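# Survey of secondary and tertiary structure
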Amino acid sequence: ASIAVISIMNPFDVVQTRLFSSEKGQYRHIPHVFTHIVRTEGLAGLYRGAIAHYFRVGPHTILIFCFWEQFKLITHSRIRKNKGN
């Protein structure tokens, strides 16, 4: 799941970072940033920092799934216990 999120969102993060860190007037609009990156660096330029992004998002996703499973187990056991009374 986190790999899919990173694959989709990382290009937008790169464009946002480039847009906000650039000098005023360097880019005209968001599509201009995309096209400039692709022309000068190739598609790989849109995935700069993807590994760091994964190390930030990956553990979060794993923990969310673990906590969600535990939450479901606790909730279902309490529901069954209440139905039994």
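Residues numbered from 1 in each chain as written. Predicted model: local features only at pLDDT ≥ 70, side-chain atom pairs only at ≥ 80, totals over all residues. Heavy atoms only, no water.

### Regarding a nonpolar patch on the surface
Where nonpolar side chains cluster on the molecular surface, the patch consists of I3, I51, Y54 and F55 and spans about 460 Å² of accessible area. Among the elements that line the nonpolar patch, the one with the most residues is helix α3 (residues 50-84), at 3 residues. If you trace the backbone, I51 turns up in helix α3. Overall, I51 belongs to the exposed group, its relative accessible area being 62%. (Patch = residues over 30% accessible without salt bridge, like charges linked within 9 Å, V, L, I, M, F, W, Y side chains within 5 Å. Areas by Shrake-Rupley, 256 points an atom, 1.4 Å probe, with all protein chains shown as cover. Salt bridge = Lys/Arg side-chain N within 4 Å of Asp/Glu carboxyl O. Helix = DSSP H or I, 4+ residues; strand = E, 2+ residues; numbered from the N terminus. Buried < 20%, exposed > 50% of the residue type's maximum accessible area, 1.4 Å probe, protein only.)

### Examining the pattern of salt bridges
Under the counting rule described, the total for this entry stands at 3 salt bridges. Between R18 and E41 there is a salt bridge; the shortest N-O distance is 2.9 Å. With R18 in helix α1 (residues 2-21) and E41 in helix α2 (residues 30-41), this residue pair connects regions lying 23 residues apart in the sequence. Salt bridges sharing partners connect three or more residues here, namely R18, E41 and R48.

### Side note on α2
Between its first and last C-alpha, α2 extends 16 Å over 12 residues, near the 16 Å set by a 1.5 Å rise per residue. When we look at burial in α2, the residues that qualify are H32, V33 and I37. With its buried residues spanning 130° around the axis, α2 presents them on a single face. After α2 finishes, the residue G42 shows a positive phi value of roughly 85°. (Expected span 1.5 Å × (residues − 1). Arc of directions from axis to C-beta.)

### Considerations on the confidence of the model for the protein
Confidence in the prediction for the protein averages 87 pLDDT; 95% of positions are at 70 or higher. Looking over the protein, one finds the lowest element-wise mean pLDDT in α3, namely 86, and the highest in α2, namely 94. (pLDDT = per-residue confidence, 0-100.)

### Description of the environment of S21
Structurally, the position occupied by S21 is in helix α1. A residue is classified by how much of its surface remains accessible, and S21, at 58% relative accessible area, is exposed. When the C-alpha atoms of S21 and H76 are compared, they prove to be 49 Å apart, with 55 residues separating the residues in sequence. Among the polar contacts listed, one links the side chain of S21 to the backbone oxygen of T17, at a separation of 2.7 Å. (Polar contact = N/O pair within 3.5 Å; in protein donor to acceptor, adjacent residues only side chain to side chain.)

### A word on the packing of aromatic side chains
With the rule as written, the count across this model stands at 3 aromatic pairs. Taking 5.6 Å as the distance between ring centres and 80° as the angle between the ring planes, the aromatic pair formed by F12 and F34 counts as edge-to-face. Of the two residues, F12 is situated in helix α1 and F34 in helix α2; the sequence distance between them amounts to 22 residues. (Phe/Tyr/Trp six-rings, centres within 6.5 Å; stacked < 30°, edge-to-face > 60°.)

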